[in-house]
Amino acid sequence: MISWLLIFMVMGFFIMLGLRMGPIYMQNYMVKNIMQELQQEPLISRKPLIEIRKMLQRRFDINGIENLKREHIKISRAGGETTVAVVYEVRQPIVGNVDVVVSFNETLELIAN
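Residues numbered from 1 in each chain as written. Predicted model: local features only at pLDDT ≥ 70, side-chain atom pairs only at ≥ 80, totals over all residues. Heavy atoms only, no water.

## A look at the pairing of strand β1 (residues 73-78)
- Of the pairings in the sheet, the one linking β1 to strand β2 (residues 81-95) comprises 6 bridges and is antiparallel in character. The partner of R77 across the bridge, within β2, is T82.
- Remark: 2 residues form the turn of the hairpin made by β1 and β2, two consecutive strands paired antiparallel; G79 in that turn has positive phi of roughly 60°. (Pairing = 2+ DSSP bridges. Helix = DSSP H or I, 4+ residues; strand = E, 2+ residues; numbered from the N terminus.)

## Side note on the nonpolar core
- Counting 26 residues, the largest nonpolar core has V31, L56, F60, V84 and V86 as its most contacted members.
- When residues of this core are traced back to their parent elements, those giving at least two are α1 (2-39), α2 (49-62), β1, β2 and β3 (98-110).
- At 7 residues, α1 tops the list of elements feeding residues into this core.
- In this structure V31 touches F60, I65, L68, V86 and Y88, once residues within four positions along its chain are discounted. (Core = buried A, V, L, I, M, F, W, Y, C linked by side-chain atoms within 4.5 Å. Buried < 20%, exposed > 50% of the residue type's maximum accessible area, 1.4 Å probe, protein only. Contact = heavy atoms within 4.5 Å.)

Below, the structure written as structure tokens:
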């Protein structure tokens, strides 16, 4: 009986961990999709960097991505190649003072259409 109780406790912990971390990975999946959609925009590599940042930020706001701030989005242009990088981390409390920290680094090179 005690061994079954221990097994259920361990299973419960991992289920709780999955329920807490699932939304974090779903938001990261949405970030990846938004960045891929940005690649499909006509003449995106010729637009000013500020306009690209505004487009991204608007799409993040519309989709309810709350873990991203302005400083997490890095956009640079060198030699006619535009690179968009979204680097951020999410801290999610699990139990008491135990947190899980998940880091993401998504990079996209915009190709001239």
